Amino acid sequence: MELEVRHLRVLCAIADTGSLHKAARELGLAQPSLSTQLRRIERALGAQLFVRARTGCRPTPLGLAVLSRARPLVAEFAAIVTETRAAAARAAGGFRLRIGATASRAIPGWLRLLRARVPRIEPTLHMSVSANALLGMVAAGRLDMAFVHEVEGSPLRFPPGLSRRVLVEREPQFVTLAADHPAASRQVVSLAELAGDRWMVDSTVDGEWDALCRVLRAAGLNPEILHGDYLTAYSLAAIGEVVTISQPTAHPRPDCAIRPLEGDPIGVRLLLAARTDAELDDAYAGLEEAYWSVARDAPAYRQWLERVRTPDESGPPGGRGAGRRIVRGLPDTAAGPCRP
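Residues numbered from 1 in each chain as written. Predicted model: local features only at pLDDT ≥ 70, side-chain atom pairs only at ≥ 80, totals over all residues. Heavy atoms only, no water.

**Student:** When you look at the overall build of the chain in this model, what are you seeing that I'm missing?
**Tutor:** Of the regular secondary structure elements, the chain holds 11 helices and 12 strands. Split into buried and exposed, the 340 residues of the chain put 51% on the buried side. (Helix = DSSP H or I, 4+ residues; strand = E, 2+ residues; numbered from the N terminus. Buried < 20%, exposed > 50% of the residue type's maximum accessible area, 1.4 Å probe, protein only.)

**Student:** Can you walk me through the nonpolar core in this structure?
**Tutor:** Buried together is how nonpolar side chains tend to be arranged in soluble globular proteins. If you look at the biggest cluster of nonpolar residues, it comprises 36 residues, and the most contacted ones within it are Trp110, Met145, Phe147, Leu167, Leu272, Tyr291 and Tyr301. Contributions of two or more residues to this core are made by β3 (95–101), α5 (107–115), β5 (145–151), β6 (163–172), β12 (267–274), α9 (277–297) and α10 (299–307). Of the residues forming this core, the biggest block, nine residues, is contributed by α9. Those residues in contact with Trp110 that sit more than four places away from it in its chain are Ile99, Met145, Phe147, Leu272, Ala283, Gly286, Leu287 and Ala290. (Core = buried A, V, L, I, M, F, W, Y, C linked by side-chain atoms within 4.5 Å. Contact = heavy atoms within 4.5 Å.)

**Student:** What should I look at first to understand the environment of Pro260 in this one?
**Tutor:** Note that Pro260 resides in the loop between β11 (256–259) and β12. Not counting residues up to four positions away in its chain, the partners in contact with Pro260 are Phe174, Gln187, Val188, Val189, Trp304 and Arg307.

**Student:** Whenever I open this one, the pairing of strand β2 (residues 56–59) confuses me. Can you help?
**Tutor:** Sheet faces and side chains relate simply in a regular strand, where the side chains alternate between the two faces. One ladder, built from four bridges, connects strand β1 (residues 50–53) with β2; its direction is antiparallel. Each residue of the ladder has a partner; that of Phe50, found in β2, is Pro59. Between β1 and β2, which pair antiparallel and follow one another directly, the connecting turn spans two residues. (Pairing = 2+ DSSP bridges.)

In structure tokens:
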């Protein structure tokens, strides 16, 4: 067996995640297939590169030496692929932008704005619940950029060499509950008012389950938490079976209420990541415009933005500039991650 760049990517993914299961998810492989690849790589090199244990995988001393040589090779190959594809697209009279994203209502508007540009950009979209997997795909040259959210308290693993730009430094996460839930009559809901409810969150979303557990424990609550995708969660919330976390930009439904949580205990950072600052410069303005457009169109979020504006801010309530300034500690020129 001859080692190829894809094998080096496998080693880097296992080292970065510390887990065969997580590495397989980032690489889009089944775990048994990844385990088989690792055994073949180790046989080809004649040595064990990782120690497997219940707590995960950690590199052996020889594994660390191999990784120190593998990482720059993987990064350089990704750069070659990206630059060659961009040059070929320009020569053909167009540019195809490969975008990865976690869920956000800003994405459709962003894609429309990119397609309306001159010269035309034709975006393609790869969606994933795992922000870490998307960042790994950007670093490997399989995506040009990724719009992701980073859950507070669960930092993302940024591969070396990636550039990033913050869209929203801290976006508050709201709660979705049935329209006839007793707490739905309130403008802001406390966790104590939801003490008797079951929650549903998608545990495959990086950091989401842990964040909710931390917040509930801090409030002295220990409710039942179910795993489920968010489409299912919203449907169950509508009939009062569960409550669930939602992005503040979520589209309102007549059978659900979307409300801020008292004290905004759960927050995420919205980020755009690419391999170069130039790539970020090309796409960021459209993303920013699309995000604040959907923010203004979301009644609960618009009211939240108006409520937390500081007295010295100028401009119309809920306006784009005001929204960017009011997010905690956010400079007027910045803005960071989310989920619908």
